[in-house]
Amino acid sequence: MNTISHYQILEKLGEGGMGVVYKARDTRLERFVALKLLPASKTADPARRLRFMQEARAASALNHPRIITIYEIDRTEGTDGADFIAMEFVPGRTLDQIIPAKGLRISEALKYAIQIADALAAAHAAGIVHRDLKPANVMVTDKGDIKVLDFGLAKLIENTGITETENTRTVAADLPHTDEGAILGTVSYMSPEQAEGKKIDARSDVFSFGVLLYEMLTGRRAFQGDTKLATLAGILNREPEPIEKANASIPRELARIVQRCLRKDPDRRAHSMQDLKLALEEIKEDSDSGLVLTAGAAGGVARKPASRQPFVLAALALVLVAGGTAFWLSRQPVKIEPQLRAVPLTSFPGYESSPTFSPDGSQMAFSWDGEHGENYDIYVQLIGSGRPLRLTTDAARDISPSWSPDGRTIAFTRIGADGSATAVLIPALGGAERELAHLGTFLPQSVNFRHAITGWSPDGRWLLANTREPGKPAAVSLVSVETGEKRLLASPPRGTLLDFGGCISPDSRALAFIRVRQVIGSADYLSDVYLMPLTADMHSGAEPRRLTSDNTAIFGIAWAGDGRDIVFSSRRAGTPALWRIPVSGSQPPQRVPVGDNVQSLAISARANRLVYETGVNIDTNIWRANLTDASQPPASLLASTHQEESPSYSPDGKRIAFRSDRTGSLEIWTCDADGSNQSQLTQRPTSGSPHWSPDSREVAFDSNVDGRWQIFVASDHGGQARQVTTQGGSRPSFSHDGRWIYFASGAAGRTEVWKIPAGGGNAVQLTHNGANNPLESDDGAFLYYNRGSIFRSAVDGTGETAVIQDANPGDVFALTHDGVYYRGASSAPGEMFFFSLATGKSRQLFRANAPIGFGLTVTSNGRWLLYPQIDGLPGSDLMLVENFH
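Keep in mind the model is a prediction, meaning the values are calculated, not measured.

A. Examining the overall build of the protein chain more closely. Scanning the protein chain for helices and strands turns up twelve helices and 57 strands. Burial statistics for the protein chain: of 885 residues in total, 56% are counted as buried. By sequence separation, contacts in the protein chain at least 24 residues apart represent 47% of the contacts at least 6 residues apart. As displayed, the protein chain has an accessible area near 37900 Å², and 49% of this comes from carbon and sulfur atoms.

Dropping the structure here:
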């Protein structure tokens, strides 16, 4: 075997239960790679292989300096083909080859542990659990840097299915019966829940990290029995020997970290690798400075080298004489902060949103649409109490409350039926309202709709609000509480759409806000956090500085209590979550280890509290209607508790592509036409709009995971997707001959239809009056698209005519050789129509049981129609986090 695919085998690097690893040369890109050839025995079972491939593709999306980069996952050709993974080649040795009998030096162990924790934190933030962390999967480069290997490979040895009668069985029976030492090597690092075959999460990696750290510090395994079962029994039932007995020089706080990682109960274990990394860094700093407490020293004072010990003792004596015990204690390594935990503050029906703290952090004001969703009003609730107090009762929508710095007043926005917004003030205890200023008129579903009032200046003289002057984009302004005068602070420059969500720093010296570059949909828009200096008299001090470079949807923003960080909710890793970034911009955003599907948020520095709005997922499922037999009612085909939408039948009618967020981020999935064999196709969070190629072998889709919507094409078997566009694009569809991909793009200033060669190349603009959702007719003669209603033109964009006036604006429609399937704009929710190209008339097909979501598709023979149906209404609740700093 001299070559595998386009890789030339050079030498064998190693072999284990998870395959043989070779050093190889990539003949296409002329670089060395590590090529892992997976054993056929592990990939023979299709279900097991599928689970592994899904996990491996997710791991291949990781891009981190401490994680081995995966270049390619593929299978050799032929009936006896083998799966292989091409990875970054890193010269060095694995950690199990360099740990001495008595353990590493503490400084060296901390250096490696911090890097490993950094890698795991990045993987966990992306929703990936390693599952097989052990010294053999940690590479130490020639420069002393860490590279973590084999994310997701444990999927090959996990049990593929545990029945009702087997759910108490451990995984011991399923372990590969190869070399005994290799088996024990893997078993020794399992978490208790993994050993019992239970569902695992990131906390399982924390346990394995603790076992690894124990071995790095002592040279011994925390759990080691004479047999596999004995080792498993130790993991499940026994505590390891206290680490200080093996190494008395280990700092006390480091010993506590190991102990916390090795707790049997995942709920009592350290939860966040990011917190562990920070704690280890602090211990290393104190260890390097020579001021530590050890776990084994009798008096708790570290033993130092003879040359420095007199100075340390003299310093200690001086501190004690001066009564400086507090100083000494302050030099101890900082303990791991308590794990952040979110608890429900509200759990009412409907939407509770836009929270704001009272100045002392004891009360919360928010907007709620009421028990029956009848109207938005402002409510106040004492934290820890029962029902909230309703503060407003106006028939208009009252939203976005903000508590004044003196605690006496709550400002909020009143939205009229025409979208006009007014700033209103009301006493915090209730009473007469005062209309302050007209803020502008907004579209009800615009991204700044719930952010009209966003805060106060710290001196209480100004409100911070979103304003919109006629003919101009939305901007961030100050509104005088005394006179209602408006003062513009931040307005979007040419090439951007709007600014919103502003908040003023605690020292009044800076404004943070969100700038939107492009709107894709109601929940998809490209934005970033910006900072602008403010003068002493609250004017713009200079041009704003871009703080993030994510180009993704941002939903809320707040200053941390010390004014050094910005906390914001963002889709930067898929599902909206909380992130934190220093205002200096010295570090990239770090995931806050709490919160999911986060929208708006508020922080109380005085009470060390954070509250955030968490969205209750809309439950959208894909239903199927039989168009040839009206007696059969539509039935659910693809269902979960999350969003399943944008279905697309393959031209041969055998497969379906669709978009789902069931794994926590929006991805493209495929399945058979009957809904079976569902498989995740992409590993690019925030992907959508799938469309099959004419030969049913490829799927085009759009994705903005890299900060801008672009068109990609993936094989129906998965693997690395290829990018087709470079100047932006969404809503792709193939031409009838597969040579072109049509798509929508705003590159010309507004959304128009373009086309590009399917293999990539130069894009050509086809329409010039605004257009979206392009589809070519089966005969290649016409191009159909949506522009408020459905239009048709020649494939070069000429000869445009309106076809259907009453189609739902902006919606995706389905096209067959004899007609157009669409939702009506003026009809009742759930009504589906068919427009006959032969007669030029429309007729109603059926009315769904609930509102219809985004996307339609019909088989080429016109028998089956798929549509997404909204089976569960969305909502939101408020969650409270204590001890937030």
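B. The arrangement of the packing of helix α6 (residues 202–218) against helix α9 (residues 252–261) in detail. In contact at an axis separation of 8 Å, α6 and α9 are set at 140° when each is read in the N-to-C sense. Between α6 and α9, the interaxial angle falls into the category oblique. α9 is crossed by α6, and the crossing has left-handed handedness. Counting all contacts with α6, which are made through Val-206, Phe-207, Phe-209, Gly-210, Leu-213, Tyr-214 and Leu-217, the residues of α9 involved are Leu-254, Ile-257, Val-258 and Cys-261.

C. Structural context of the nonpolar core. Judged by nonpolar contacts, the single largest core of 55 residues is most densely connected at Leu-95, Ile-116, Phe-209 and Met-216. At the level of secondary structure, the elements contributing two or more residues to this core comprise α3 (106–125), β8 (138–141), β9 (146–148), α6, α7 (228–237), α9 and α10 (273–289). Among the elements that take part in this core, α3 stands out by supplying twelve residues, more than any other. Aside from chain neighbours lying at most four places away, what touches Phe-209 is Ala-113, Ile-116, Ala-117, Leu-120, Leu-133, Cys-261, Met-273, Leu-276 and Leu-280.

D. Layout of the packing of aromatic side chains. Here the structure, examined in full by the defined rule, presents twelve aromatic pairs. Ring geometry for Phe-701 against Phe-712: centres 5.8 Å apart, planes inclined by 20°, an arrangement best described as stacked. Linking Phe-701 in strand β40 (residues 698–703) with Phe-712 in strand β41 (residues 710–715), this pair joins segments that are eleven residues apart in sequence. Using a relative accessible area of 0% as the deciding quantity, one classes Phe-701 as buried. Judged by its relative accessible area of 3%, Phe-712 is buried. An aromatic cluster is defined as three or more aromatic residues linked by ring pairs; in this entry it consists of Phe-348, Phe-366, Trp-368 and Tyr-379. Sitting over the face of the ring of Tyr-530, Arg-515 holds its NZ or CZ atom 5.0 Å from the ring centroid. Geometry around Trp-579 places Arg-572 over its ring, the cationic atom sitting 4.5 Å from the centre.

E. Structural context of the environment of Asn-237. Inspection of the secondary structure puts Asn-237 in helix α7. Asn-237 sits in the exposed class, given a relative accessible area of 61%. A C-alpha to C-alpha distance of 8.8 Å links Asn-237 and Pro-192, two positions 45 residues apart in sequence.

F. Representation of α6. The terminal C-alpha atoms of α6 lie 25 Å apart, and with 17 residues this matches the ideal 24 Å at 1.5 Å per residue to within 8%. Summarising burial for α6: 17 of the 17 residues are buried, a large majority. Note on α6: the residue one or two positions beyond its end, Gly-219, has a positive phi of about 80°.

G. Quick peek at the sheet that holds strand β49 (residues 790–794). The antiparallel open sheet is built from four strands, whose spatial order is β47-β48-β49-β50. Looking at which strands have only one partner, the edges of the open sheet turn out to be β47 (772–776) and β50 (801–804). Averaged over all pairs of adjacent strands, the angle between strand axes in this sheet comes to 30°, irrespective of strand direction. By the bridge criterion, five bridges tie strand β48 (residues 782–786) to β49 in an arrangement that is antiparallel.

H. Just the pattern of salt bridges, in detail. Per the stated rule, a full pass over the model turns up 28 salt bridges. With a closest N to O distance of 2.9 Å, Glu-193 and Arg-269 form a salt bridge. A residue pair is termed long-range when its members are at least 10 positions apart, and Glu-193 in helix α5 (residues 192–195) and Arg-269 in the loop between α9 and α10 qualify at 76 residues. A single burial state applies to Glu-193 and to Arg-269, both of which are buried. Here Arg-515 ties to Asp-499 by a salt bridge, and the two come within 2.8 Å at their closest N and O atoms.

I. View of α7. Every buried residue of α7 is accounted for by Lys-228, Thr-231, Leu-232, Gly-234 and Ile-235. Seen end-on, α7 carries its buried residues on one side only, within an arc spanning 155°. Facing away from the buried side of α7 by over 90 degrees, the exposed positions are Leu-229 and Asn-237.

J. Examining the sheet that holds strand β21 (residues 475–480) more closely. The sheet built from four strands is open, its strands ordered β19-β20-β21-β22 with antiparallel pairing. Each edge of the open sheet carries a strand with a single partner, namely β19 (453–456) and β22 (486–490). Averaged over all pairs of adjacent strands, the angle between strand axes in this sheet comes to 30°, irrespective of strand direction. Bridge count for β19 against strand β20 (residues 462–467) is three bridges, and the pairing is antiparallel. Residue pairing across strands places Ile-453 opposite Ala-465, the latter belonging to β20.

K. Up close: the packing of α3 against α6. Two numbers describe how α3 lies on α6: the axes approach to 10 Å, and their chain directions differ by 165°. Taken together, the axis directions place α3 and α6 in an arrangement best described as roughly antiparallel. Where α3 crosses over α6, the handedness of that crossing is right-handed. When α3 is examined against α6, the residues Ile-106, Ala-109, Tyr-112, Ala-113, Ile-116, Ala-117, Leu-120 and His-124 are found in contact with a partner set consisting of Ala-202, Asp-205, Phe-209, Leu-212, Leu-213, Met-216 and Leu-217. Here the contact of α3 with α6 is built from residues that sort into 13 nonpolar, one polar and one charged.

L. Main features of the confidence of the model for the protein chain. Mean pLDDT over the protein chain works out to 83, with 83% of the residues at or above the 70 mark. Below a pLDDT of 50 lies the segment residues 296–337, which in the model reaches 42 contacts outside its immediate sequence neighbourhood of four places, other chains included. This stretch, residues 444–449, has a pLDDT under 50; its non-local contacts, to residues over four places away or in other chains, come to 14 contacts.

M. View of the environment of Leu-511. With respect to the element layout, Leu-511 can be found in strand β24 (residues 510–519). Residues Leu-511 and Tyr-530 lie 19 residues apart in sequence; the distance between their C-alpha atoms is 8.2 Å.

N. Examining the side chain of Arg-515 more closely. Mapped onto the elements, Arg-515 comes out in strand β24. Within the structure, Arg-515 has its side chain in polar contact with the backbone oxygen of Ser-491 (distance 3.2 Å). In this structure, Arg-515 is in contact with Ser-491, Pro-492, Pro-493, Thr-496, Leu-498, Asp-499, Leu-526, Ser-527, Asp-528, Tyr-530 and Pro-544, ignoring residues within four places of it in sequence.

O. How the structure looks around the pairing of β41. Judged by how many residues are buried, β41 sits mostly within the fold: five of six residues are covered. In this structure, β40 lies alongside β41, joined through six bridges in antiparallel fashion. Its bridge partner being in β41, Ala-700 is matched across the sheet by Val-713. Relative to strand β42 (residues 722–723), β41 runs antiparallel, the two being bridged by two bridges.

P. The environment of Asp-74, seen in detail. By the element assignment, Asp-74 lies in strand β5 (residues 70–75). If we ignore the near neighbours within four places in the chain, the residues touching Asp-74 are Ala-82, Asp-83 and Phe-84.

Q. Representation of the side chain of Asp-398 in the model. Tracing the backbone through its elements, the reader meets Asp-398 in strand β15 (residues 397–403). The exposure class assigned to Asp-398 is buried, which follows from its relative accessible area of 0%. Here Asp-398 is in contact with Ser-367, Tyr-376, Asp-377, Ile-378, Thr-392, Phe-412, Thr-413 and Arg-414, once residues within four sequence places are set aside.

Basis of the calculations
Residues numbered from 1 in each chain as written. Predicted model: local features only at pLDDT ≥ 70, side-chain atom pairs only at ≥ 80, totals over all residues. Heavy atoms only, no water. Helix = DSSP H or I, 4+ residues; strand = E, 2+ residues; numbered from the N terminus. Buried < 20%, exposed > 50% of the residue type's maximum accessible area, 1.4 Å probe, protein only. Contact = heavy atoms within 4.5 Å. Areas by Shrake-Rupley, 256 points an atom, 1.4 Å probe, with all protein chains shown as cover. Axes fitted to C-alpha atoms, helices over the stretch in contact; angles between N-to-C directions. Parallel < 35°, antiparallel > 145°, perpendicular 65-115°, else oblique. Left-handed = near helix turned anticlockwise from the far one by under 90°. Core = buried A, V, L, I, M, F, W, Y, C linked by side-chain atoms within 4.5 Å. Phe/Tyr/Trp six-rings, centres within 6.5 Å; stacked < 30°, edge-to-face > 60°. Lys NZ or Arg CZ within 6 Å of the ring centre and 35° of its normal. Expected span 1.5 Å × (residues − 1). Pairing = 2+ DSSP bridges. Salt bridge = Lys/Arg side-chain N within 4 Å of Asp/Glu carboxyl O. Arc of directions from axis to C-beta. Nonpolar A, V, L, I, M, F, W, Y, C, P; charged D, E, K, R; others polar. pLDDT = per-residue confidence, 0-100. Polar contact = N/O pair within 3.5 Å; in protein donor to acceptor, adjacent residues only side chain to side chain.

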